[in-house]
Structures are given as C-alpha cells and as structure tokens.
Amino acid sequence: MQEDRRTRLTPEERRAQLVAIGVESLAENPLESVTIEYLSTQAGVSRGLLFHYFGSKNGLRREVVRTARDSMLRATEPSPDLPPSERLRDTLTRIVQFVRDHRGTFYSLVRGVASGDTEVRAVVEEARTLQAERVIAVFLELGVPDTELLRIALRSWVAFAEEALVESALGTELPSEEIVSFLERSARAVAESVGETR
C-alpha cells in the first residue's frame, strides 16, 4: 500500500484510494473512527487533500458508507434464474456470509442509521429499501397479495433481520445454516401474517 501512496495518481484514482482505505478500516474500526486525521495518516496524504476531495468529515463518511453499502448490495444480489423460494434462501445465505466476512463493515452500515448525519442515514436507508424490495418480490412471486400491509411488514422484517444478524452472525458462533434457516422462517411467518404463501 505504501508504494501506491507514493505513486502519482489521477484525482479520481486518489479519491477512490482514499475511500477504499476508509472502507477497509471499517473491518476493525467503527464508522466514528473514520476521520480526516485518521485517513490522512493511513493514506500518507495531507488533511487538506481530504478536505479537497470530501469537503468535511461527514462528506468522507458518506462516501465510505456509500461504497460499503454498494459492496454489500452487489455481494447479496439475488440470482434471477432461481425460483423464488430458492432465491430467498440463496440471498440470505450470501447475506450471512457477507456479514461474517465483513463484520466491521456490516456493523457500521447497520449502525450508520444512528449517525447524526442525515445523508449517512439516507445512504443506509437506501440499502434497507432495496433489500426490502428484493424480499417483497419473492413473496409476490409466491402468490402473496401485494398490499400496503405486506410491504410495511417486510420492510419491518429487514430491520429485524439486521438486528438478528448483529446478534447471531456477529455475536455468536451459531452455524451459518442455522441463521439462514431462522431468517427464512421469520420472513415467511411475517408474510403469512398478512397473506397466504404457496
């Protein structure tokens, strides 16, 4: 990494490098520790350069959270060729794997909604909305009527699933298959509480 820092990079490459270092730091550090001072030290660049690229500490954190969020969404994107039930299980399996492989990143994303920065919260909420839409699509394909209550219930399930992942995938050594099975059953129970699944 040291060699990369000394190499002359384009502004776009340098900015991407700084964001990557910030995302990488989430593996071991909470989002609050990603500061201009910390990142300038890690990257071997001046604080002024970071202000130039990100404007502020919150601007930096927003970019780090956005990049981490996009990485999570790509890693957990549903396989469109799978039938709905298999797609749900496959997606949940990949979510649990992502959480276990990127513990700090996931924790920072989930807790990012508690950030004092409304834009950081908005970035996290966008991920929750997309994850909810993925789950809703499965149950619509399974024949559950598309109602406002179903959408409310499954959006709420996403928040429940996040907390369950923090407690189980991060807080215990429970087998991943057991966590996936629990999340799948809980999603089905929520959907069944507002409509019939097939």
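Structure's up top.
The paragraphs below set out a description of the structure included in this document. (Residues numbered from 1 in each chain as written. Predicted model: local features only at pLDDT ≥ 70, side-chain atom pairs only at ≥ 80, totals over all residues. Heavy atoms only, no water.)

**Considerations on the overall build of the chain**
Here is the rule we go by: Here a helix means four or more residues in a row that DSSP labels H or I, a strand means two or more in a row labelled E, and each is numbered from the N terminus. Each residue gets one of three labels from its accessible area relative to the maximum for its type: buried under 20%, exposed over 50%, partly exposed in between, using a 1.4 Å probe on protein chains only. The contact criterion used throughout is that any non-hydrogen atoms of two residues lie within 4.5 Å.
Secondary structure assignment for the chain yields ten helices and zero strands. Counting from the amino terminus, the chain carries its helices and strands in the arrangement α-α-α-α-α-α-α-α-α-α. Out of the 198 residues belonging to the chain, those deemed buried represent 45%. The contacts of the chain with a sequence gap of at least 6 include a subset with a gap of at least 24, amounting to 64%.

**A closer look at helix 10 (residues 176-192)**
Note the following rule: The span you would expect from a helix comes to 1.5 Å times its residue count less one.
A rise of 1.5 Å per residue sets the reference length of helix 10, with its 17 residues, at 24 Å; its end C-alpha atoms lie 24 Å apart and thus fit the reference within 8%. For helix 10, every residue scored as buried is listed here: Ile179, Val180, Leu183, Glu184, Ser186, Ala187, Arg188 and Ala191. For helix 10, the secondary structure elements touched by its buried residues are helix 6 (84-101), helix 8 (118-141) and helix 9 (148-170).

**With respect to the packing of helix 6 against helix 10**
Let me state the cut-off plainly: Working convention: axes come from line fits to C-alpha atoms, limited for helices to the stretch in contact. Angles between N-to-C directions cover 0 to 180 degrees. The cut-offs work like this: below 35 degrees is roughly parallel, past 145 is roughly antiparallel, 65 to 115 is roughly perpendicular, and the gaps in between are oblique. Left-handed describes a crossing whose near helix is turned anticlockwise from the far helix by less than a right angle; the clockwise case is right-handed. Each residue gets one of three labels, nonpolar for Ala, Val, Leu, Ile, Met, Phe, Trp, Tyr, Cys and Pro, charged for Asp, Glu, Lys and Arg, and polar for the others, Gly among them.
Viewed as axis vectors pointing N to C, helix 6 and helix 10 meet at an angle of 130°, and their least axial separation amounts to 9 Å. As judged from the angle between their axes, helix 6 and helix 10 are oblique. Helix 10 is crossed by helix 6, and the crossing has right-handed handedness. Judged by residue contacts, Ser85, Leu88, Arg89, Leu92, Thr93, Val96 and Arg100 of helix 6 engage Ser176, Ile179, Val180, Ser181, Leu183, Glu184 and Arg188 from helix 10. Split by residue class, the contact of helix 6 with helix 10 holds six nonpolar, four polar and four charged.

**What about the nonpolar core?**
Quick reminder of the rule: The term nonpolar core refers to a set of buried residues drawn from Ala, Val, Leu, Ile, Met, Phe, Trp, Tyr and Cys, joined through side-chain atoms within 4.5 Å.
In this structure, Leu18, Leu60, Phe106, Phe139, Trp157, Leu165 and Leu183 are the most contacted members of the largest nonpolar core, which totals 55 residues. Tallying contributions element by element places helix 9 first for this core, with ten residues. Ignoring any residue separated from it by four or fewer positions in sequence, one finds leucine 165 in contact with Ile95, Val96, Val99, Phe106, Leu170, Ile179 and Leu183.

**Quick look at the packing of aromatic side chains**
Quick note on the threshold: For Phe, Tyr and Trp, where Trp contributes only its six-membered ring, two rings pair if their centres lie within 6.5 Å, and the inter-plane angle classes them as stacked under 30 degrees, edge-to-face over 60, or tilted in between.
Tallied over the entire structure, the rule returns two aromatic pairs. Their ring planes at 55° and their centres at 6.0 Å tell us that phenylalanine 160 and phenylalanine 182 sit as a pair that is tilted. Within this pair, whereas phenylalanine 160 is found in helix 9, its partner phenylalanine 182 is found in helix 10, the two being separated by 22 residues in sequence. Of the residues examined, phenylalanine 160 reaches a relative accessible area of 39% and is grouped as partly exposed.

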